[in-house]
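Summary of the model geometry
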Amino acid sequence: MTNLVNRFVRCDSGATAIEYGLIASLIGVAIIGATQALGNQLNLTFNTVRDGIANK
């Protein structure tokens, strides 16, 4: 029984998987934020071009 408890305490494979999951989720949040910012900028650019064409 002691051997089983010692192996459980030393095992860190679950912690590694959790760390990879957290890193992947942070990367996902960063990608979503960058995509939203890029989308807003593209929308502004296309609206400016549309207004420029409409005023000619």
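Look up: the structure comes first, before these words.
Residues numbered from 1 in each chain as written. Predicted model: local features only at pLDDT ≥ 70, side-chain atom pairs only at ≥ 80, totals over all residues. Heavy atoms only, no water.

**Comments concerning the overall build of the protein**
When helices and strands are tallied, the protein shows 2 helices and 0 strands. A globule of 56 residues ought to have a C-alpha radius of gyration of about 10 Å, yet the protein, at 25 Å, is considerably larger. Across its three principal axes, the protein shows a C-alpha extent of roughly 85 × 10 × 5 Å. Of all 56 residues assigned to the protein, the portion counted as buried reaches 0%. Looking at the protein as shown, the accessible area adds up to about 5,200 Å², and 68% of this sits on carbon and sulfur atoms. (Helix = DSSP H or I, 4+ residues; strand = E, 2+ residues; numbered from the N terminus. Rg over C-alpha atoms; globule rule 2.2 N^0.38 Å. Buried < 20%, exposed > 50% of the residue type's maximum accessible area, 1.4 Å probe, protein only. Areas by Shrake-Rupley, 256 points an atom, 1.4 Å probe, with all protein chains shown as cover.)

**Some points on the pattern of salt bridges**
If the charged atoms of two oppositely charged side chains come close together, the side chains can form a pair. Tallied over the entire structure, the rule returns 1 salt bridge. With a closest N to O distance of 3.3 Å, R50 and D51 form a salt bridge. A relative accessible area of 38% places D51 in the partly exposed class. (Salt bridge = Lys/Arg side-chain N within 4 Å of Asp/Glu carboxyl O.)

**Describing the environment of R50**
Inspection of the secondary structure puts R50 in helix α2 (residues 13-54). With 17 residues separating them along the chain, R50 and G33 place their C-alpha atoms 26 Å apart. Among the polar contacts listed, one links the side chain of R50 to the side chain of D51, at a separation of 3.3 Å. (Polar contact = N/O pair within 3.5 Å; in protein donor to acceptor, adjacent residues only side chain to side chain.)

**As for a nonpolar patch on the surface**
On the surface, a cluster of nonpolar side chains totalling about 440 Å² of accessible area is made up of Y20, I23, I27 and I31. In this structure, I27 sits in helix α2. Of the residues examined, I27 reaches a relative accessible area of 47% and is grouped as partly exposed. (Patch = residues over 30% accessible without salt bridge, like charges linked within 9 Å, V, L, I, M, F, W, Y side chains within 5 Å.)

**A word on the environment of G33**
Mapped onto the secondary structure, G33 falls in helix α2. C-alpha of G33 to C-alpha of V5: the two residues are 28 residues apart in sequence and 43 Å apart in space.

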